[in-house]
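An overview of the molecular structure
The primary structure of each chain is shown beneath.
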Amino acid sequence: MATGHEAAANAPNAGEYVVHHLTQLNTSGHAQTSIIDFSIINLDSVFFSILMGVLGLFVMWRLAKKVTSGVPGRAQAALEILVEMVDSQAKGIIHNKESRHFVAPLALTVFVWIFLMNSMDFLPVDLLPKFWQYASGDHHAYLRVVPTADLNVTLGMSIGVLLICIWYNIKIKGLGGWVHELFTAPFGNHPLLYLPNFLMQMIEFLSKTVSHGMRLFGNMYAGELLFMLIALMGATYGVSTGMTGPLLWIGHILAGSAWAIFHILIVLLQAFIFMMLALVYIGQAHESH
C-alpha cells in the first residue's frame, strides 16, 4: 500500500494506527489478531482474493479473445512471453507431458493471481480502509487489502500445493508404491528404518508446506508494514512544529516513492518464487527414490 498521510489524524498514536491497519475484518465481530482460531474467517482476505482472481481471469480471457496469428500487439506479446516463460519452466521441471497439461496452466494461474494480490500493496495505505469506514458508518472498522499479507491465505495456497503433490505421488507411483516409499526412503528398505524414514518424510512435507507459505507471507507483511511506517512520516505534517513536519512530509514522499519502485521487484519476485517452488514440489512427486 503506497504512500499516504491521512494516517495519524484519527489515531491517538503511531502504535495504535499500525495495529488498527494490521487487524482483519472478520466474522468474530471484533478486533481479532489470532491466526489459530479456525472458527473465524477473515472476510477482507477472502473478498480481495476472489476479486483479484476474477480480475485475473477476466483480463486473461479478454487478451485470449484478441489473440491473432499476425503481428501481435503489446498486450498479446506480453501474454505470449508470460505463457512461454511458464511453459518453459514447467518443461524443465516436470518431464511428464500428460502432467504438464494440468500443471503448466496451474502455474500460470498461481503466478498471475499472486502477482495481482501482491499488487494491492501499491494502493495508498488509507484509501480503501477509509472508504470502508465511511461506507459502513463505523470509524473504527477494520480492513486489510493485501491478501498475501495474511498467513491464512498463503498457508492455504501452500496446503493446496501439498494436496496436489500427494495426488501426483499416488497417481504416478500408485497408492502402494507411495506408501512403500514413505517407509523405505531416504535411509533404505529395512524394518528398523521404517519409522525414521516415515518421520523424515512427514517432516519434509511439513517443512516444505510451512516454508512455502511463510516465505510469501513474510515478505508481503514486511512490505505492508514498511508502507505504514512511511505513511506515518507524512502524517506528522500539520501536527509538528517548525521544520520537522515539512521535512518529514518530504521524506515520506521520497521514501514512499523509492520503496514503491523497489517493491515492484518484490511483488514480481515473490509471485515467481511461489510458482517455481510449486513446480519443484510437484516435480518431486513424479520422482521415485
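Residues numbered from 1 in each chain as written. Predicted model: local features only at pLDDT ≥ 70, side-chain atom pairs only at ≥ 80, totals over all residues. Heavy atoms only, no water.

Considerations on the packing of aromatic side chains
Inclusion rule: Pairs were defined over the aromatic rings of Phe, Tyr and Trp, the Trp ring being its six-membered one, requiring ring centres within 6.5 Å. Orientation was assigned from the angle between planes: stacked under 30 degrees, edge-to-face over 60, tilted for the rest. The secondary structure listing takes helices from DSSP runs of H or I that are at least 4 residues long and strands from runs of E that are at least 2 residues long, numbered from the N terminus. Only protein chains enter the calculation, and the probe is 1.4 Å; a residue is then buried if its accessible area is under 20% of its type maximum, exposed if over 50%, and partly exposed in between.
Using the criterion set out here, one finds 7 aromatic pairs in the structure. When the ring of Phe217 is compared with that of Tyr221, the centres are 5.3 Å apart and the planes differ by 40 degrees; the resulting orientation is tilted. Of the two residues, Phe217 and Tyr221 both sit in helix H7 (residues 194-235), 4 residues apart, roughly one turn of that helix. For Phe217, a relative accessible area of 17% corresponds to the buried category.

A closer look at the UniProt feature "transmembrane region" (unreviewed entry) in the protein
The condition that has to hold: UniProt positions are given in the numbering used here, feature names are shortened, and annotations may be inferred rather than shown by experiment.
Mapped onto the present numbering, the UniProt feature "transmembrane region" (unreviewed entry) falls at residues 46-64, 102-120, 151-170, 216-239 and 259-282. Across residues 102-120, the secondary structure splits into 95% helix and 0% strand, with the terminal C-alpha atoms separated by 28 Å. Spanning residues 259-282, this segment combines 100% helix with 0% strand, and its end C-alpha atoms are found 34 Å apart.

A short note on the nonpolar core
Selection criterion: Among buried residues, those of type Ala, Val, Leu, Ile, Met, Phe, Trp, Tyr and Cys that are joined through side-chain atoms within 4.5 Å constitute a nonpolar core. Here, residues are in contact when the closest pair of their heavy atoms is within 4.5 Å.
Counting residues in each nonpolar core, the largest one holds 40 residues, and the members touching the most others are Ile114, Phe274, Leu279 and Ile282. Those elements that place two or more of their residues in this core are helix H2 (43-65), helix H3 (74-93), helix H4 (97-119), helix H6 (151-184), H7 and helix H8 (244-285). Per element, the largest residue contribution to this core is 11 residues, and it comes from H8. Leave out the neighbours within four places in its chain, and Ile282 touches Ile94, Val103, Leu106, Ile164, Cys165 and Tyr168.

Here's the deal with the pattern of salt bridges
Put simply, the rule reads: Only one rule defines a salt bridge in this text: a Lys or Arg side-chain nitrogen within 4 Å of an Asp or Glu carboxyl oxygen.
In the structure shown here, the tally under the stated rule is 5 salt bridges. Put simply, Glu98 and Lys171 hold a salt bridge, and the shortest N to O gap is 3.7 Å. Highlighted residues: Glu98 in helix H4 and Lys171 in helix H6, separated in sequence by 73 residues. The salt bridge involving Lys173 is made with Glu181; its shortest N-O contact spans 2.9 Å. Given the relative accessible area of 16%, Lys173 is considered buried.

Things to note about the side chain of Arg100
Here is the rule we go by: His is not counted, nor are the chain ends; Lys and Arg add positive charge and Asp and Glu add negative charge.
Looking at the secondary structure, you find Arg100 in helix H4. Asp87 provides the closest opposite charge to the buried, unpaired Arg100, separated from it by 5.3 Å. The residues contacting Arg100, other than those within four sequence positions of it, are Ala90, Lys91, Ile94, His95 and Pro105.

So, the confidence of the model for the protein
Stated precisely, the cut-off is as follows: A score between 0 and 100, pLDDT records how confident the predictor is in each residue.
Summarising the model, the protein shows a mean pLDDT of 88, and 88% of its residues fall at 70 or more. Here residues 4-12 is modelled with pLDDT under 50, and outside its nearest four sequence neighbours on either side it reaches 17 contacts, counting other chains as well.

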